[in-house]
Amino acid sequence: MAMALCPEKQWKAQEEIDALLGGDHLPTVADRDKLPYVSAIIKETMRWHPTLPLSLARQTDKDDVYEGYFIPRGTMVMPNVWFIAYDADARYDPEEFIPERFLDEDVPTPDPASWVFGFGRRVCPGRFLAENSVFVIVANILAAFDISLPTEGNLSPKFTLDLVSYPEPYECQITPRSDAMARLVESRAIQCNI
Ligand code: HEM
C-alpha cells in the first residue's frame, strides 16, 4: 500500500537494490546491512501504521508513581505505541511516509523495532526472525516488481481498528520490472515447488 502511494520512495529503494545487485539477482538476508534505504522503508512501514497500536496490556504488581501519577497495584497499563509513532515533536511530519527520517544523522528517529515488538520480559521472542523475514520479503518484492495505483479508482488507505490493526482490502497493480526478473522469480518459484 505504501509503495503504491509513494512511488518515488519505491524507485529510490529499487535504485539502491539495482546498484548492489545489478538488476539480475534477488536479495538475500546477507544484503540487509548493504541496503539501508530498504531497511528505512521497513522501519517507516512499522512506524506509519503500527500493527499493535496499543501493544499488549500489562498489570502492575505493586504501587508505583510515574511523573507524579500514583498507579496502584493491579492497574492495567496500556503502552501507547501509536503516540510514540506519531510523536508530535518529531522533525518530520508523522502523518507522511518518509523513510529518510531514519537516515537523518542530525536528528535520528528511534528505530521502531525498540517498541513494535513489545516491552520488558515478555518482549516478542521472534523479533529477529521477524525482521530478517520481512527484509527478505520486502527486498525481493521491490527487486522484482513495480507496485502502482490501480488503473481505475483510487487507493485510500483504510485500516482495521481492532487490537491488531492491518490494511483493509485494497487494489493496486503489481507488475514484473523486466522479463529477466519475471523469469528469475519463476525459476525461484519452481525451485521452491510453488
Ligand atoms: C513483524 C512481526 C512481529 C511483530 C510485529 C510481533 C510483535 C509482538 C508483540 C508486540 C508481542 C507482545 C510483547 C509484549 O507482551 O510486550 C509479541 C509476542 C510474541 N511473539 Fe511476536 N511479533 C512478530 C513476529 C513473531 C514471530 C516471527 C514469532 C515466532 C517465530 C513471534 C513469537 C512471539 C511470541 C511467542 C510472543 C509471546 C511472548 C510472551 O508472551 O512471552 N512473533 N510479538
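Residues numbered from 1 in each chain as written. Predicted model: local features only at pLDDT ≥ 70, side-chain atom pairs only at ≥ 80, totals over all residues. Heavy atoms only, no water.

Looking up the protein chain in an unreviewed UniProt entry gives the name Cytochrome P450, with the organism given as Neolentinus lepideus HHB14362 ss-1. Of the protein chain, the UniProt comment under Pathway (unreviewed entry) reads exactly: "Secondary metabolite biosynthesis." In its Cofactor (unreviewed entry) section, UniProt records this for the protein chain: "heme". (UniProt positions renumbered as here; feature names shortened; annotations may be inferred.)

**Digging into the coordination of the iron atom of the ligand**
Of all protein atoms, just one serves as a donor to the iron atom of the ligand, and that atom is C124 (SG), at 2.3 Å. Summarising the element assignment, C124 is placed in the loop between α4 (81-85) and α5 (127-144). (Donors = N, O, S within 2.8 Å, 3.2 Å for Na, K, Ca; no water. Helix = DSSP H or I, 4+ residues; strand = E, 2+ residues; numbered from the N terminus.)

**Looking at the site of the ligand**
Residues in close proximity to the ligand total 13 residues, the closest being R58, G118, F119, R122 and C124. One of the side-chain nitrogen or oxygen atoms of R58 is found 2.6 Å away from an oxygen atom of the ligand. For the shell around the ligand, the per-class residue count stands at 9 nonpolar, 2 polar and 2 charged. (Near = heavy atom within 4 Å. Polar contact = N/O pair within 3.5 Å; in protein donor to acceptor, adjacent residues only side chain to side chain. Nonpolar A, V, L, I, M, F, W, Y, C, P; charged D, E, K, R; others polar.)

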